[in-house]
Amino acid sequence: MMKRFSIGIFLLCWFIQLHAQDYSPSATNLKQRQWFSDARFGLFIHWGPFSIPGSGEWVMNDRKLTVANYSNLKDFFNPVEFNAAQWVSLAKNAGMKYITLITRHHDGFSMWDTKYSDFNIMNTPYKKDVVKMMADECHKQGIKLYLYYSLLDWRREDYPHETGRTGQYSARKGKGDYASYLQFMKNQLTELLTNYGEIGGIWFDGHWDQTAPEGSSDRTSRIDWKYNEIYGLIHKLQPQCMIGNNHHLTPFAGEDFQMFERDLPGENKSGLSFQKASAQLPLETCETISNSWGYNLSDTGYKSTKELVHMLVKAASLGSNLLLNIGPMPNGKIQPEFQHRLNEVGEWLKINGESIYGTRAGFLKPEKGWSMTQKDNKIYLHFLDPGLSSVSFAPTGFKKIKKAYRLLGGEPVKVILKNGKYQIFNADTKSAIDNVVVIEVI
C-alpha cells in the first residue's frame, strides 16, 4: 500500500513538472505580450526605506547591517511628499506606457498592506498603502502596472540564507526553511494579484543569489525555487499577467518575457548578460538615469537626454523595450535631474514616437552612428550621429524604396541606388539628438 502511495505521489509531481514545462499561455496573456512589445518604454521605480541612507538599494548588504539595526529604518520612513498622481503623470508625459514598481526588495520591506509581514508600509509613520495608491492612479491614467518582487530576503530566517551569495552579515542564526518561505511568497503574491486590480506582470529578481556568479560554466540553483508552483499560481490568479525573472539565464518554462540588466539584448557590457536573446518572448532592457537604482546622494553621473534617447532607439532597434529607472528621494519627491530628462525624452517622443511604438527590430542591427526600426511597409532610419552623411544597405525583405522623407516635417530625402545598394542621405547634419528618416518600401 505504501509503495503504491509513493508511486502515486511521484506521478503527481511528474505531472505538475510536465505541465510547467508545457506551459501554454492564455489568449489574454498573448494579447498582453503583444501590448508589451508595442509599448516599448516603461518606468522602473526603486524606492523604500533603503532610500533613507542615500546609498542605494543594497545598503543593508553593502554596509553589513544586521536585521535588528536595519529594521530601525521602518520608524523613519515617512514620505509625506509622495504623490501617486504626479509620479504616474511624469511617466505618462515622458511617453512611457507602463510602470514597474518595487513592492518588496531584497531588504524584505513590503510597500503594501500585507498580512504576512510586520515589516511593511503600514507599520511606518506614513501608514498608507503605496501599492494601492499607485495601482489606483495607474488604472485612472491608463498606464499598465507591473510589480517587482524579490525572491531573496536579507531579513527572514526561513529564506535559505545559508546558501545565498548575499545578505551574509544580517546576523541570522536560524536555518532556512524553503517550504515556509515559499508559502510566504505565495501568500504575498496572492495579495498583490487579488487586491490591486489588473496587473500587467510580475518582475522577479534574486534567483542569482543561489547560483554561481554570472559567466560561470554551471549556474544551477542551489535550491529548487518551485517555479512551477509560483508561476502556476500567478497565471491562475491573473492569466494575462506576464512573468519575467531577472536570473540572467535563458528563460525558464512559464515565463512570458526576458529581461536584460544594464545591457541591450545581445550585449554584455555589464558582465551580467551571458544569455542569448529569446526569439520567442518579448524583450526588455532595464537601465538607470544615473548610476544607481535606489536614491544615492553621491551619484551625480546622470546620463544626458541624448544618451537616453539613443538607448531607447537602440533597444527598439533590437526588438526590446527600455525600462528606465528612477530612485525617488526618501520623502517621496523625484529629484529634478530625473524629471528634466524624462520630460525631454517625452518631448522627443511626441515628434518621433511613430518610429518607436509598435515597431519591430530593424533588419540590420544598430551601428555606432545609426539605428533602424520597422513597422509594416516603413523603415525608420535613425541618424544618431549628426556628422554621418549617409547610410547604405541592400534591399532585405522588400523589393524597392518607394520614397524617403524626414519624419519631422516630411521633407524628401535623397536616395541613390548603386550596385544593388541603396544610399540614404542624412537630411539634417545639425540634429543634436536623432534625425529620423522614414523609408516607405514595396
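Refer to the preceding data block for the structure.
Residues numbered from 1 in each chain as written. Predicted model: local features only at pLDDT ≥ 70, side-chain atom pairs only at ≥ 80, totals over all residues. Heavy atoms only, no water.

A. Fine view of the environment of Tyr23. Residue position: Tyr23 is located in the loop between helix 1 (2-21) and helix 2 (27-39). For Tyr23, a relative accessible area of 23% translates into the label partly exposed. Taking the C-alpha atoms as reference points, Tyr23 and Gly232, separated by 209 residues in sequence, lie 9.0 Å from one another. Beyond its immediate sequence surroundings of up to four residues, Tyr23 is in contact with Asn29, Arg33, His235, Gly254, Glu255 and Asp256. A distance of 3.1 Å separates polar atoms of two side chains, one belonging to Tyr23 and the other to His235. (Helix = DSSP H or I, 4+ residues; strand = E, 2+ residues; numbered from the N terminus. Buried < 20%, exposed > 50% of the residue type's maximum accessible area, 1.4 Å probe, protein only. Contact = heavy atoms within 4.5 Å. Polar contact = N/O pair within 3.5 Å; in protein donor to acceptor, adjacent residues only side chain to side chain.)

B. Examining unusual backbone geometry more closely. Located in the positive-phi region is Arg40, a residue other than glycine, with phi close to 65 degrees. One non-glycine residue, Ala171, lies in the positive phi region at around 70 degrees. The residue Ala171 is located in the loop between strand 3 (144-150) and helix 7 (178-192) in this model. Accessibility expressed as a relative area gives 52% for Ala171, which makes it exposed.

C. Focus on the sheet that holds strand 11 (residues 378-383). Taken in spatial order, the 5 strands make up an open sheet running 9-10-11-16-13, and their pairing is antiparallel. In this open sheet, the two strands that pair with only one neighbour each are strand 9 (360-361) and strand 13 (401-406). Note: strand 13 against strand 16 (residues 435-441), 5 bridges, orientation antiparallel. Across the sheet, the residue bridging to Lys403 is Glu440, located in strand 16. Strands in contact with helix 9 (residues 305-317) are strand 9, strand 10 (370-375) and strand 11; relative to strand 10, the strand with the most contacts, it is inclined by about 50 degrees. (Pairing = 2+ DSSP bridges. Axes fitted to C-alpha atoms, helices over the stretch in contact; angles between N-to-C directions.)

D. Layout of the packing of helix 7 against helix 8 (residues 227-237). Packing of helix 7 against helix 8 brings their axes to within 11 Å, and their N-to-C directions diverge by 15 degrees. The orientation of helix 7 with respect to helix 8, classified from their angle, is roughly parallel. Between helix 7 and helix 8 lies a crossing whose hand is right-handed. The residues of helix 8 that touch helix 7, namely those facing Tyr178, Leu182, Met185, Lys186, Leu189 and Thr190, are Glu229, Ile230, Leu233 and Leu237. (Parallel < 35°, antiparallel > 145°, perpendicular 65-115°, else oblique. Left-handed = near helix turned anticlockwise from the far one by under 90°.)

E. Main features of the side chain of Gln240. Positionally, Gln240 belongs in the loop between helix 8 and strand 5 (242-245). Overall, the relative accessible area of 13% leaves Gln240 in the buried class. Engagement of the side chain of Gln240 in a polar contact is seen with the side chain of Gln238, the distance being 2.6 Å. With near-sequence residues (within four places) excluded, Gln240 lies in contact with Ser26, Thr28, Asn29, Gln32, Glu198, Ile199 and Gly200.

F. The arrangement of the nonpolar core in detail. Judged by nonpolar contacts, the single largest core of 88 residues is most densely connected at Ile99, Met134, Ile202, Phe204 and Ile230. For Ile230, the residues in contact, after removing those within four places along its chain, are Tyr178, Leu182, Met185, Leu189, Phe204 and Trp225. If you look at the next biggest cluster of nonpolar residues, it comprises 16 residues, including Val391, Phe393, Ile424 and Val437. (Core = buried A, V, L, I, M, F, W, Y, C linked by side-chain atoms within 4.5 Å.)

G. Here's a closer look at the pairing of strand 3. By the criterion of burial, strand 3 is predominantly enclosed, with 6 of the 7 residues buried. For the segment spanning strand 2 (residues 98-104), helix 6 (residues 130-141) and strand 3, crossover handedness is right-handed. Relative to strand 4 (residues 201-205), strand 3 runs parallel, the two sharing 5 bridges. Counterpart to Tyr149 in the pairing with strand 4 is Phe204. (Right-handed = clockwise from strand over helix to strand, strands pointing away.)

H. View of the sheet that holds strand 3. Strands sit in the order 5-4-3-2-1-8-7-6 across an open sheet of 8 strands; the sheet is parallel. In the strand order of this sheet, the two ends are held by strand 5 and strand 6 (258-261), each with one partner. Ignoring strand direction, the axes of neighbouring strands in this sheet form an average angle of 25 degrees. The pairing of strand 4 with strand 5 spans 4 bridges and is classified as parallel. Across the sheet, Gly201 pairs through a bridge with Met242, a residue of strand 5. Across the sheet, helix 7 lies against strand 2, strand 3 and strand 4, angled at about 165 degrees from strand 3, the strand it touches most.

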